[in-house]
Structures are given as C-alpha cells and as structure tokens.
Amino acid sequence: MCVSILSRARVLNQAQHKISLSHIGRDSCRDVTDTLSEGRIKDGALSCDTISNTEEQVIYLIVFHAFFFMFIWSYWKTIISKPASPSKEFCLPKVDKELYEKEENPEAQQEILKRVAKNLPVYTRTGSGAIRYCDRCQLIKPDRCHHCSTCDRCVLKMDHHCPWVNNCVGFSNYKFFVLFLAYSMLYCVYIAATVLQYFIKFWTNHLPDTHAKFHVLFLFFVAAMFFISILSLFSYHLWLLGKNRTTIEAFRAPVFRSGPDKNGFTLGFRKNVTQVFGDQKKCWCLPLYSSTVDGQTNPRPLSESQNHLLGNDMHSEEQKDGSPANIGLFTAALEDSDLIRKLLCD
Ligand SMILES: [Zn+2]
Ligand SMILES: [Zn+2]
C-alpha cells in the first residue's frame with residue numbers, strides 16, 4: 001500500500017507535469033515557433049486553448065509543488081518516526097520481576113504489579129480491573145499504551161498500525177500522520193480542481209484530440225477518488241483529535257478505577273489540539289515535533305489522576321495536623337466516590 005500511494009503520487013506528479021510543463025514550454029517558445037503552422041500548435045498544446053497566460057501557469061506549478069513538497073515531507077516523517085516506547089521506569093525492578101516470574105498465582109502477580117504501579121502515573125486498568133502488563137515487553141503499560149504485534153513493541157498512545165505508512169501511528173508521529181492526511185487531501189483536491197475545467201471540456205467535446213485527453217481523465221478520476229477517501233479518514237481523525245481519543249479508544253473506551261470512560265483524556269478542544277500540535281501555531285502546519293506532553297503521563301480532566309495526587313496530599317496533611325485539610329476543596333474535586341467516602345469516614 002505504501003508503495004502504491006507513492007507510485008500513484010508519482011504518476012499524478014508526472015501527469016500534471018506533462019500538462020503544465022508542456023504548456024509553459026510551448027508558450028514560451030511561441031515566438032520561436034512562429035514558423036510552425038497555427039493548427040499544429042493548437043493540436044499539440046492544450047494550454048494554448050485553455051491557460052492563456054504564463055503567470056497563471058507559473059502559479060499553478062508553484063502551488064502544485066508546494067502541496068507536493070508538504071505532502072512528501074509529512075509522509076516521510078510519518079514513515080521514519082520510530083514508535084515511542086515506554087521508558088525504563090515502567091519495567092519491573094529486577095527483584096519484582098523475579099518474584100513475578102516465580103509466582104504462579106495470578107492474584108499474587110497482580111499484587112506485585114499493583115505495588116510497583118503505585119509509584120507510576122498509571123490510571124487505566126484492564127477490563128477486569130487489573131494492572132495492564134505486557135508479558136512480551138515485560139513492563140507495566142502506561143495509559144494509552146498498547147502492544148503492537150506487527151512492530152512487536154509497546155507503543156505510546158498507540159492509534160493504529162497503518163499499512164499505508166508501514167509504521168505504527170502513535171505518540172511519536174500522530175501530528176505527522178494528520179498533516180500527511182491534510183496535505184495529501186489538499187494535493188488531490190488541488191489537482192482535481194485545476195483539471196476540472198479540462199475535464200468538463202472533454203465531456204463537451206471542446207478538448208483538442210491529443211494525448212492530454214488521457215492525462216485529463218486519469219488525473220481527475222484518481223485525484224477525486226483519493227480526495228473522497230482521504231477526506232473521510234481525515235475528518236475522522238480531526239474528530240478524534242478534538243475529543244483527544246485514539247482509534248483504539250474510540251472503539252474500546254479506556255477503563256479507569258471508576259470504570260470505562262471514553263472521555264477520560266479529553267481536556268477541552270483547545271488543549272486537546274495543543275497536546276498534539278503544540279502551543280506555537282506557526283508550527284502547526286509543519287511536520288515538526290511539537291507535542292506538549294511526554295506520551296507517558298497523560299493529563300486528565302478532574303479525574304482519577306488528580307484523585308491519586310490529592311489523595312497522597314491528603315494523607316500528608318492528615319499526618320501533620322491529624323485532621324483532613326480542605327475537605328470541601330477535595331470533595332469538589334474528587335470524582336472517586338470510594339475515596340471521598342473513605343476520607344469522610346476517617
Ligand atoms: Zn509490549
Ligand atoms: Zn505497529
């Protein structure tokens with residue numbers, strides 16, 4: 001598929017060139033070819049009939065290559081970005097790892113994992129409420145991290161393994177992937193739009209009977225077809241971006257201590273976008289790394305993550321003066337009813 005999209009892009013590029021460059025060449029050489037018959041020029045040069053001035057042709061070429069360059073750049077970045085894996089702190093310490101491997105009782109194994117996970121920013125659980133552990137990579141999976149069987153590794157904020165780019169789309173390249181979709185869509189719609197007038201002329205028999213006919217038909221159909229298919233995928237990923245969800249999470253909501261929550265990571269549209277595209281708007285259109293998070297610690301709205309931290313703070317306050325401090329603030333902030341009940345009882 002990866003080869004397919006590149007080869008198609010190359011064909012689109014070549015076909016567009018054949019139309020545009022031949023037109024410019026013929027236009028600029030019009031004085032030289034004064035001796036040639038007017039009929040031959042009309043037959044051979046589509047631009048003589050359609051694009052009347054060189055400025056228009058130059059603009060067409062510049063815009064075309066601008067989109068093409070951005071498309072290839074973002075595509076290349078998506079392909080070469082190595083999927084981000086969890087850091088060593090998510091691996092079990094040697095002693096715990098030996099204990100875990102020796103232990104045959106799953107419940108006792110979970111206790112080991114729970115003890116280690118206590119010090120990690122991990123809030124998601126398996127469907128049964130267990131700590132998410134990858135036996136293959138031998139690590140506790142950070143939130144939003146999943147094991148990719150194709151890449152044979154755990155991938156941070158894994159979205160999906162994409163055969164089009166032959167790579168995992170995840171934390172390290174999600175921005176590049178979205179830009180790749182955006183630029184490939186713009187590239188296709190630009191080609192379709194610039195060829196449209198010739199395409200209409202073809203159907204109304206106003207197009208000169210030359211080889212350009214084939215290019216016009218091919219360009220329009222392929223560009224329009226790719227535009228429609230990419231538009232649906234791009235729209236879907238924009239929706240995911242706005243909701244701060246991955247494709248995996250859209251199909252299966254992440255499970256927290258309080259249960260599944262499909263909006264578990266959403267921080268509001270603006271923050272969701274800046275989490276992927278960064279704070280600086282000037283970098284949004286460029287396939288350069290600009291995420292505001294590290295991929296391992298995923299900020300959550302008024303959530304279990306805060307509960308966890310506030311819970312720790314609460315214990316330290318209790319130890320100091322023997323009474324729960326700022327209980328009103330905490331009850332307003334905490335969603336975890338079990339923790340609230342526990343604190344109030346204490
Ligand atoms: Zn793994
Ligand atoms: Zn993968």
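Residues numbered from 1 in each chain as written. Chains lettered and ligands numbered in written order. Predicted model: local features only at pLDDT ≥ 70, side-chain atom pairs only at ≥ 80, totals over all residues.

**Description of the UniProt feature "transmembrane region" (unreviewed entry) in the chain**
Item 1. Those places that UniProt annotates as "transmembrane region" (unreviewed entry) correspond, in this numbering, to residues 58-76, 176-200 and 212-236.
Item 2. Between the first and last C-alpha atoms of residues 58-76 the distance is 26 Å; the span itself is 100% helix and 0% strand.
Item 3. Annotated as residues 176-200, this span is 100% helix and 0% strand, and its ends, taken at the C-alpha atoms, are 35 Å apart. (UniProt positions renumbered as here; feature names shortened; annotations may be inferred. Helix = DSSP H or I, 4+ residues; strand = E, 2+ residues; numbered from the N terminus.)

**Things to note about the sheet that holds strand 9 (residues 259-260)**
Item 1. The strand order 1-8-9 describes an open sheet built from three strands, whose pairing is antiparallel. Strands at the two margins of the open sheet, each flanked by one partner only, are strand 1 (124-125) and strand 9.
Item 2. As paired elements, strand 1 and strand 8 (residues 255-256) share two bridges and run antiparallel to each other. Bridge pairing in strand 8 links T124 to F256. (Pairing = 2+ DSSP bridges.)

**Describing the packing of helix 8 (residues 212-243) against helix 10 (residues 269-277)**
Item 1. Where helix 8 contacts helix 10, the axes come no closer than 7 Å and their chain directions differ by 110°. Between helix 8 and helix 10, the crossing angle belongs to the class labelled roughly perpendicular. For the pair formed by helix 8 and helix 10, the contact residues are L241, G242 and K243 on the first element and F269, N272, V273 and V276 on the second.
Item 2. Taken together, the residues that form the contact of helix 8 with helix 10 break down as four nonpolar, two polar and one charged. (Axes fitted to C-alpha atoms, helices over the stretch in contact; angles between N-to-C directions. Parallel < 35°, antiparallel > 145°, perpendicular 65-115°, else oblique. Contact = placed C-beta atoms within 7 Å. Nonpolar A, V, L, I, M, F, W, Y, C, P; charged D, E, K, R; others polar.)

**Things to note about helix 8**
Item 1. The end-to-end C-alpha separation of helix 8 is 45 Å, in line with the 46 Å expected for 32 residues at 1.5 Å each.
Item 2. Among the residues of helix 8, A212, H215, V216, L219, F220, A223, F226, F227 and I230 are the ones counted as buried. (Expected span 1.5 Å × (residues − 1). Buried ≥ 20, exposed ≤ 12 C-beta atoms within 10 Å, placed from the backbone.)

**Side note on the environment of C285**
Item 1. Positionally, C285 belongs in the loop between helix 10 and helix 11 (304-321).
Item 2. Residue classification places C285 among the partly exposed positions, given that 13 C-beta atoms sit within 10 Å.
Item 3. Linking C285 and S74, residues 211 residues apart in sequence, is a C-alpha distance of 9.7 Å.

**Things to note about helix 7 (residues 174-203)**
Item 1. Taking 1.5 Å per residue, 30 residues should reach 44 Å; helix 7 reaches 41 Å between its end C-alpha atoms and fits that length.
Item 2. The axis of helix 7 is deflected most strongly, by about 45°, at L196. (Bend = angle between axes of the 7 residues up to and from the residue.)

**Looking at unusual backbone geometry**
Item 1. The backbone phi angle of R144 is positive, close to 70°, even though this residue is not glycine.
Item 2. Counting through the fold element by element, R144 comes out in the loop between strand 3 (139-140) and strand 4 (146-148).
Item 3. We note that N166 has phi near 50°; this positive angle belongs to a residue other than glycine.
Item 4. Tracing the backbone shows N166 in the loop between strand 6 (160-162) and strand 7 (167-169).

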